[in-house]
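A structural walkthrough
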Amino acid sequence: MVSAFLAKNKVVAPIDVLVSMNLLAPEKLDDWRRGRVPYLESVINCNLTRLSRLLRIVRFHAHDLNLVPSVTAYIRWGTGPKQRLRFTKTGEPKLEEAYARHFVWPGKGPFHPPASKEYS
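An account of the accompanying structure is given in this report. (Residues numbered from 1 in each chain as written. Predicted model: local features only at pLDDT ≥ 70, side-chain atom pairs only at ≥ 80, totals over all residues. Heavy atoms only, no water.)

1. Topic: the overall build of the protein chain
A tally of regular secondary structure across the protein chain gives five helices and three strands. The order of helices and strands in the protein chain, counted from the N terminus, is α-β-α-α-α-β-α-β. With 120 residues in all, the protein chain has 35% of them scored as buried. If you take every contact in the protein chain between residues at least 6 apart in sequence, the share linking residues at least 24 apart comes to 64%. (Helix = DSSP H or I, 4+ residues; strand = E, 2+ residues; numbered from the N terminus. Buried < 20%, exposed > 50% of the residue type's maximum accessible area, 1.4 Å probe, protein only. Contact = heavy atoms within 4.5 Å.)

Put into structure tokens, the structure is as follows:
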């Protein structure tokens, strides 16, 4: 799945993965980005254990593809004061960072998945 994102764009974001897996409805994501939802986890359609595992898998896969991690600030869309959006109910910094961590293809050209290793 990460490779599919990289074929279109040089960045993979956990939120994009959640939307593509139908665990996060685009309209719920929009509500969160506009500040109508207090934290993103409340509108994701899976339990927190599965969600944590999914974030770890994305991180491991990105590491295997030699992608560069980059933490992105998510700021509320719309008018009014700009405020940082929360991903979790607790606001625990490591979890917040896990959601906000994007993975960037460092190459100059389009992404090409690494060749599989064959052992003889």
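2. As for the pattern of salt bridges
Taken as a whole and judged by the stated rule, the model has three salt bridges. Arg 34 is the salt-bridge partner of Asp 30, the closest N and O atoms lying 3.2 Å from each other. Look at Arg 34 and you get partly exposed, because its relative accessible area is 34%. Of the charged contacts in the structure, one is a salt bridge between Asp 31 and Arg 36, with a shortest N-O distance of 2.8 Å. Residue class for Asp 31 comes out partly exposed when judged on its relative accessible area of 23%. Classification of Arg 36 as exposed rests on a relative accessible area of 55%. (Salt bridge = Lys/Arg side-chain N within 4 Å of Asp/Glu carboxyl O.)

3. Overview of the sheet that holds strand 3 (residues 101-104)
Taking strand neighbours across the sheet as the criterion, the three strands line up as 1-3-2 in an open arrangement whose pairing is antiparallel. What marks the edges here is a single partner per strand, and that holds for strand 1 (11-12) and strand 2 (68-71). Of the strand pairs in this sheet, strand 1 and strand 3 are connected by two bridges, and their pairing is antiparallel. Paired with Val 11 across the two strands is Val 104, which belongs to strand 3. Across the sheet, helix 5 (residues 93-100) touches strand 2 and strand 3, and the angle it forms with strand 3 is around 35°. (Pairing = 2+ DSSP bridges. Axes fitted to C-alpha atoms, helices over the stretch in contact; angles between N-to-C directions.)

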